[in-house]
Amino acid sequence: GDLFYVQQYGTYVNEANITVTGSGMDNYESNNTPATAYQLGSVTGSSRTYTVNASFHNASDVDYYKVVCPAGYYYTVNATLYPRYTSYNFTADAQFFSTTNPNSWGTAYDETMPALTLNNGGTVYFKVVPYNSSLGTYRLQITVTRSSVGIEETDSTDDLLTIYPSPAANKC
C-alpha cells in the first residue's frame, strides 16, 4: 500500500482516526511516461494558462504533461512550479523539465524556467519529478502566449507565394 503522512503544526495533542480510500493518485494519472503524457490542451487564443494541481502518490511517481501549439503561430511558453517551501501550502519537494523532444530532457528547474519559444508551433512536454523521493502535492502553472508569424520568422520562404498562370508566358 501507499504511505501517507499527516502533518500537524503547533503543540496540540490530538487523536485522530484516518481512513484513506482510493489509491492516492491524482486526476492526471496515468501520466508516467512521455507516451502517456496528460494533454492539458491546445492553444487556440492569444494566451492560455494551464494550472495543474497534482501529487506524487509514491516515491517512483513521475508526471508528464503536454501542451499542443498549432502550426502557423509564434509561441512563448513560461512555466512555474510551486512545490514545498512556497507560501501556497504544497507538500512535495519537486523539480521539473521542459522540452519539445520527449527523448531529450535538459536542465531541471526548481521553480521558474526561462521562456521557451516556438517559431511555428509544436508540442511542449513537461516532466515533474519528486526530489529525494518526496511525496505530496505540487502545482505546475504553464502560460502560453501566441502571436502571428511574419514572413521573416518562418523556416523557409521558398514556397510561400506562387502565381499561375505566368502573365509573361501568354503574350498576344
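Model, not experiment: these values are computed from the prediction.

Draft legend 1. Main features of the overall build of the protein chain. For the protein chain, the count of helices and strands is 0 helices and 8 strands. For the protein chain, the α and β elements follow one another from N to C terminus as β-β-β-β-β-β-β-β. The buried share among the 172 residues of the protein chain stands at 31%. Within the protein chain, contacts between residues separated by at least 24 positions form 78% of all contacts whose residues are at least 6 apart in sequence. When the accessible surface of the protein chain is summed, it comes to about 11000 Å², and 47% of that surface belongs to carbon and sulfur atoms.

Draft legend 2. Local environment of the pairing of strand β4 (residues 73-82). Here β4 runs beside strand β8 (residues 136-148); their pairing, made up of 10 bridges, is antiparallel. Paired with Thr-80 across the bridge in β8 is Gln-141. Summarising the sheet, β4 and strand β6 (residues 116-118) pair through 3 bridges and their orientation is antiparallel. Pairing of Tyr-75 across the sheet is with Leu-118, part of β6.

Draft legend 3. Quick look at the nonpolar core. Tyr-65, Val-67, Phe-126, Val-128, Leu-140, Ile-142 and Val-144 are the most contacted members of the largest nonpolar core, which totals 26 residues. At the level of elements, β2 (47-56), β3 (63-69), β4, β5 (94-99), β7 (122-130) and β8 are the ones that each hand at least two residues to this core. Those residues in contact with Val-128 that sit more than four places away from it in its chain are Phe-56, Val-62, Asp-63, Tyr-65, Leu-81, Ala-94, Gln-95, Phe-96, Tyr-138 and Leu-140. Membership of the second largest hydrophobic core comes to 6 residues, among which are Val-62, Tyr-64, Tyr-125 and Val-129.

Draft legend 4. Region of interest: the environment of Thr-143. In this fold, Thr-143 is placed in strand β8. Residue class for Thr-143 comes out partly exposed when judged on its relative accessible area of 25%. The spacing of Thr-143 and Ala-79 is 64 residues in sequence and 6.2 Å in space, taken between C-alpha atoms. What Thr-143 contacts, discounting residues up to four positions off in sequence, is Ser-47, Arg-48, Thr-49, Thr-76, Val-77 and Asn-78.

Draft legend 5. Local environment of the sheet that holds β6. Strand order in this open sheet of 4 strands is β2-β8-β4-β6, and the pairing throughout is antiparallel. Both outer strands of the open sheet, β2 and β6, are each paired with one neighbouring strand and no more. Ignoring strand direction, the axes of neighbouring strands in this sheet form an average angle of 20°.

Draft legend 6. Representation of the sheet that holds β5 within the structure. Taking strand neighbours across the sheet as the criterion, the 4 strands line up as β1-β3-β7-β5 in an open arrangement whose pairing is mixed. The sheet is open, and its two borders are formed by β1 (38-42) and β5, each paired with just one other strand. With strand direction ignored, the average angle separating the axes of adjacent strands in the sheet is 20°. Looking at chain direction, β1 and β3 are connected through 4 bridges and run parallel. When the sheet's bridge partners are listed, Ser-42 is paired in β3 with Val-68.

Calculation notes
Residues numbered from 1 in each chain as written. Predicted model: local features only at pLDDT ≥ 70, side-chain atom pairs only at ≥ 80, totals over all residues. Heavy atoms only, no water. Helix = DSSP H or I, 4+ residues; strand = E, 2+ residues; numbered from the N terminus. Buried < 20%, exposed > 50% of the residue type's maximum accessible area, 1.4 Å probe, protein only. Contact = heavy atoms within 4.5 Å. Areas by Shrake-Rupley, 256 points an atom, 1.4 Å probe, with all protein chains shown as cover. Pairing = 2+ DSSP bridges. Core = buried A, V, L, I, M, F, W, Y, C linked by side-chain atoms within 4.5 Å. Axes fitted to C-alpha atoms, helices over the stretch in contact; angles between N-to-C directions.

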